[in-house]
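# Observations on chain architecture
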Amino acid sequence: MYGPDKVADDSERTAFRRAEKKYKLYYDPASKKKKQPKNVDLSEVLDFKSILESYNDNGELPLGITVLRCGSGQPLFCLEQCTGFYFIPGALNLEEQYQWIKESLINFPQPPNRTNHNAFYGPIQNLFLAAKERKVLVAEGTSPACLNSGCKGDVQGWKFFEEHVVSSRGKTCKSISASVLLRKLRWTTLGLQFDWSKRDYDVSLPHNKIPNALSELAKRLAAPAMPLGEEFQPEAAIVNYFGLGDSLGGHLDDMEEDWSKPIVSMSLGCKAIFLLGGKSREDPPLAMFLRSGDVILMAGEARECFHGVPRIFTDKENAEIAALEMQFSHEDDLYFLEYIQTSRININIRQVY
Ligand SMILES: O=C(O)CCC(=O)C(=O)O
Ligand SMILES: [Fe+2]
């Protein structure tokens, strides 16, 4: 799936890598202002929001793009050069975006779902709440007086403490603040758990079913890309969390048995650039914007196409989350607001068998 993008001198080797490099965030060394992103030419990035607007205005479509209308539902755009790829601009309304952002931060990372933090810290309960309450995750050592004595020995587990408890006892224990851990949350898996080291699903791992509401939503969204008469069965999902400078390297999602079934991929938060390549990394990819609420379906041939996310935009002008920010304007939602103003979340839902 997400194979590492090997050594540095490979960086210019394929058309896909060249496109990733083109859109990746670099800082301008010549800039007087600290950490000023280097300008990037976005003129070749496909913009389905404006394609939808002009289609609604005058029925016109750019060359190579077709439209599928299912009943009274939203139009789906298809690419002539990549069958099985569907783009539904603004598929999720603001309330839905609000709901799935909150779920992605509060409930989805809860055990038995695993996250990238599992390997080091074991299962972590209530990470978002702990971050909001400024708690600190502290290593528990062999000694019960670990917090006093320092735990130089084996770490037996990790537990959240109030910040003042940790600071009053001195910094003798291994510890990390929950807010840093939340920032470093990169993925969580729902339903059947994906084992990244084996690059396969490990059905022996404890797991919950995909939550009903998410399952129903995915079934509805997947319907236009499903083989006739079949219903999508959501069995697993990966939630990706992106902060400024984060990217997802070019990859294929090839661990599911039946590629005629789509992957349903929902974008939330800051705008991103998505690269859709061909069956070889040598094929020059198409770049397109992904905004909060957009949904992509990848089925059939599109399942064999390399894709990735080289860039997210967190600046006011480019993030395009003003309407979403309004949804989080209640004071109880301020911590969500702070998070999403500099983040993007992607939920992609799969039928495994
Ligand atoms: O973040 C995205 O939009 C794409 C995610 C993806 O391709 C994946 O998780 O396999
Ligand atoms: Fe993918």
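Residues numbered from 1 in each chain as written. Chains lettered and ligands numbered in written order. Predicted model: local features only at pLDDT ≥ 70, side-chain atom pairs only at ≥ 80, totals over all residues.

### Some words on the site of ligand 1
In the vicinity of ligand 1, the contacting residues are Ile238, Asn240, Leu248, Asp253, Ser265, Ser267, Phe274, Leu290, His307, Val309, Asn346 and Asn348. Elements represented by at least two residues in the shell around ligand 1 include exactly strand 11 (236–243), strand 13 (263–269), strand 17 (307–312) and strand 18 (343–350). Taken together, the residues of the shell around ligand 1 sort by class into five nonpolar, six polar and one charged. (Near = placed C-beta within 6 Å. Helix = DSSP H or I, 4+ residues; strand = E, 2+ residues; numbered from the N terminus. Nonpolar A, V, L, I, M, F, W, Y, C, P; charged D, E, K, R; others polar.)

### Structural notes on the sheet that holds strand 6 (residues 157–161)
Either a parallel or an antiparallel arrangement is found when strands of a sheet pair, and the pairing is made through backbone hydrogen bonds. Here we have three strands laid out as an open sheet, ordered 6-5-7, and antiparallel in their pairing. Each of the sheet's edge strands pairs with one partner strand only, and the pair in question is strand 6 and strand 7 (175–177). Neighbour to neighbour, the strand axes of the sheet diverge by 25° on average, direction disregarded. In the sheet, strand 5 (residues 136–140) pairs with strand 7 via three bridges, with the strands oriented antiparallel. If you follow Val136 over to strand 7, its bridge partner there is Ser177. (Pairing = 2+ DSSP bridges. Axes fitted to C-alpha atoms, helices over the stretch in contact; angles between N-to-C directions.)

### Considering the UniProt feature "binding site: Fe cation" (unreviewed entry) in the chain
When the UniProt feature table is mapped onto this chain, "binding site: Fe cation" (unreviewed entry) is found at His251, Asp253 and His307. For this annotated set, covering 57 residues, all C-alpha atoms fall within 9.1 Å of each other, a compact arrangement in space. Among the secondary structure elements, His251 is positioned in strand 12 (residues 248–251). By the secondary structure assignment, Asp253 is in the loop between strand 12 and strand 13. (UniProt positions renumbered as here; feature names shortened; annotations may be inferred.)

### A short note on helix 3 (residues 94–106)
Between its terminal C-alpha atoms helix 3 stretches 18 Å, which fits the 18 Å expected from 13 residues at 1.5 Å a residue. Among the residues making up helix 3, those that are buried are Gln97, Trp100, Ile101, Ser104 and Leu105. For helix 3, the arc enclosing every buried residue in end-on projection is 130°, short of the 170-degree limit, so these residues lie on one face. Residues of helix 3 that are buried make contact with helix 5 (127–132), strand 11, strand 13, helix 11 (322–327), helix 12 (334–340) and strand 18. (Expected span 1.5 Å × (residues − 1). Buried ≥ 20, exposed ≤ 12 C-beta atoms within 10 Å, placed from the backbone. Arc of directions from axis to C-beta. Contact = placed C-beta atoms within 7 Å.)

### Some words on the nonpolar core
Judged by nonpolar contacts, the single largest core of 88 residues is most densely connected at Tyr86, Leu127, Ala178 and Val264. Ranked by residue count, the leading element in this core is strand 11, at six residues. Once residues lying within four places of it in the same chain are set aside, the contact partners of Tyr86 are Leu76, Cys78, Pro224, Ala225, Ile296 and Leu297. (Core = buried A, V, L, I, M, F, W, Y, C linked by C-beta atoms within 7 Å.)

### Quick word on the domain arrangement of the chain
When its domains are assigned, the chain resolves into domain 1 (8–110 + 186–350) and domain 2 (117–183). Just the C-alpha atoms count here: the centres of domain 1 and domain 2 sit 33 Å apart. Taken together, the contacts link six residues of domain 1 with five residues of domain 2. Each residue belonging to the side of domain 1 that touches domain 2 can be placed in one class, and the counts come to four nonpolar, two polar and no charged. (Domains from an automatic or database assignment.)

### Some remarks on the UniProt feature "domain: Fe2OG dioxygenase" (unreviewed entry) in the chain
Per the UniProt record, "domain: Fe2OG dioxygenase" (unreviewed entry) is annotated on residues 233–353. A helix fraction of 14% and a strand fraction of 39% characterise residues 233–353, whose end C-alpha atoms lie 9 Å from each other.

### Things to note about unusual backbone geometry
Residue Pro111 is joined to Pro112 through a cis peptide bond whose omega torsion reads 10°. With respect to the helices and strands, the residue Pro112 is situated in the loop between helix 3 and strand 4 (114–115).

### A few points about the pairing of strand 8 (residues 187–191)
Burial within strand 8 is extensive, with four of its five residues counted as buried. In this structure, strand 4 lies alongside strand 8, joined through two bridges in antiparallel fashion. The partner of Arg114 across the bridge, within strand 8, is Thr189.

### Some remarks on the sheet that holds strand 16 (residues 295–298)
Here we have nine strands laid out as an open sheet, ordered 1-2-3-16-13-18-11-8-4, and antiparallel in their pairing. For this open sheet the edge positions go to strand 1 (65–68) and strand 4, each flanked by a neighbour on one side alone. Here three bridges tie strand 2 (residues 76–79) to strand 3 (residues 82–88), and the two strands are oriented antiparallel to one another. The partner of Phe77 across the bridge, within strand 3, is Phe87. Running over the sheet, helix 9 (residues 212–222) touches strand 13, strand 16 and strand 18 and is turned about 115° from strand 13.

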